[in-house]
Amino acid sequence: MGRAERRREERLKEASNGSGRVSLSHKEIGQIKEAAETKILEYNVEALMTCFALVMYEIDGIVIDDVQMALQRIDELMGGIVSGKETVEGYKKALQDRTGLVVSCK
């Protein structure tokens, strides 16, 4: 058994409190929670974009190139939100100002 394997076993023994449970630090729990939240958000965005693309494709006169352009633009807008440069509220206001449409999920 090499040094790395021994250290790994030691860490596993230290993490276990003897009852079969593993102790995690607040930082580790936070990292796990953040990773789970990211996965959920990615799934929700993917689901919404898929539904949007299907609806666009079903509308007469919209060609696949238009659907692809719309998805690219959505990805750009989402990038603004993810990076913190834009907000959903800002986008909602722009949509309302330009079109009169209000998006609300309640």
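The rules behind the values
Along each chain, residues carry numbers from 1 onward, in the same order as the chain's sequence is written. Reporting of local features is limited, given that this is a predicted model, to residues whose pLDDT is at least 70; pairs of side-chain atoms are given and counted only at 80 or more, and all residues count toward the totals for whole chains, interfaces and linings. Each side-chain value is derived from all of the structure's non-hydrogen atoms; neither hydrogens nor water enter the calculation. Between N-to-C directions, angles cover 0 to 180 degrees, with each direction set by a line fitted to C-alpha atoms, over the stretch in contact for helices. Numbering of helices and strands runs from the N terminus, with a helix taken as a DSSP run of H or I at least four residues long and a strand as a DSSP run of E at least two residues long. Here is the rule for angles: anything less than 35 degrees is roughly parallel, anything more than 145 is roughly antiparallel, 65 through 115 is roughly perpendicular, and the remaining ranges are oblique. Each helix crossing is assigned a hand: it is left-handed if the near helix lies turned anticlockwise from the far helix by less than a right angle, otherwise right-handed if that turn is clockwise. Contact definition: two residues touch when any of their heavy atoms are within 4.5 Å. Under the scheme applied here, ten amino acids are nonpolar (Ala, Val, Leu, Ile, Met, Phe, Trp, Tyr, Cys and Pro), four are charged (Asp, Glu, Lys and Arg), and all others, including Gly, are polar. Only residues above 30% relative accessible area that lack a salt bridge enter a patch, with like-charged residues linked at up to 9 Å and the nonpolar side chains Val, Leu, Ile, Met, Phe, Trp and Tyr linked at up to 5 Å. In these tables, accessible area is a Shrake-Rupley quantity obtained with a 1.4 Å probe, and a residue counts as shielded only by the protein chains included in the view. A pair is scored as a salt bridge if a Lys or Arg side-chain nitrogen falls within 4 Å of a carboxyl oxygen belonging to Asp or Glu. Only protein chains enter the accessibility calculation, which uses a 1.4 Å probe; a residue is then buried when its area is under 20% of its type maximum, exposed when over 50%, and partly exposed in between. Any pair of nitrogen or oxygen atoms within 3.5 Å is treated as a polar contact; in protein, a donor-acceptor pairing is required on top of that, and neighbouring residues in sequence qualify only through side-chain atoms on both sides.

Novice: When you look at the packing of helix 2 (residues 26-58) against helix 3 (residues 64-83) in this model, what are you seeing that I'm missing?
Specialist: To describe two helices that pack against each other, one gives the angle between their axes and the distance between the axes. Relative orientation of the contacting elements helix 2 and helix 3 amounts to 150°, with a least axis distance of 10 Å. By the angle class used here, helix 2 and helix 3 are roughly antiparallel. Where helix 2 crosses over helix 3, the handedness of that crossing is right-handed. Side by side, helix 2 and helix 3 meet where Val45, Met49, Phe52, Ala53, Met56 and Tyr57 of the first sit next to Ile64, Asp66, Val67, Ala70, Leu71, Ile74, Asp75 and Met78 of the second. Residue composition of the contact of helix 2 with helix 3, by class: twelve nonpolar, no polar and two charged.

Novice: Looking at this structure, how should I read a nonpolar patch on the surface?
Specialist: On the surface, a cluster of nonpolar side chains totalling about 270 Å² of accessible area is made up of Leu24, Ile29 and Ile32. If you trace the backbone, isoleucine 29 turns up in helix 2.

Novice: Help me understand the pattern of salt bridges in this model?
Specialist: Side-chain pairing between opposite charges can occur once the charged atoms of the two side chains come close. Under the counting rule described, the total for this entry stands at two salt bridges. Note that arginine 73 and glutamate 76 form a salt bridge whose closest N and O atoms lie 3.1 Å from each other. Taken as a pair, arginine 73 and glutamate 76 lie in helix 3 at a separation of three residues, close to a single helical turn. Assessed through its relative accessible area of 46%, arginine 73 is described here as partly exposed. Residue aspartate 97 pairs with lysine 93 through a salt bridge whose shortest N-O separation is 3.1 Å. With aspartate 97 and lysine 93 both in helix 4 (residues 88-99), this residue pair falls four residues apart, about one helical turn. Its relative accessible area of 51% is what places lysine 93 among the exposed residues.

Novice: Help me out: how do you make sense of the environment of glutamate 28 in this one?
Specialist: Within the fold, glutamate 28 resides in helix 2. For glutamate 28, a relative accessible area of 36% gives the class partly exposed. A polar side-chain atom of glutamate 28 sits 2.8 Å from the main-chain amide nitrogen of serine 25.

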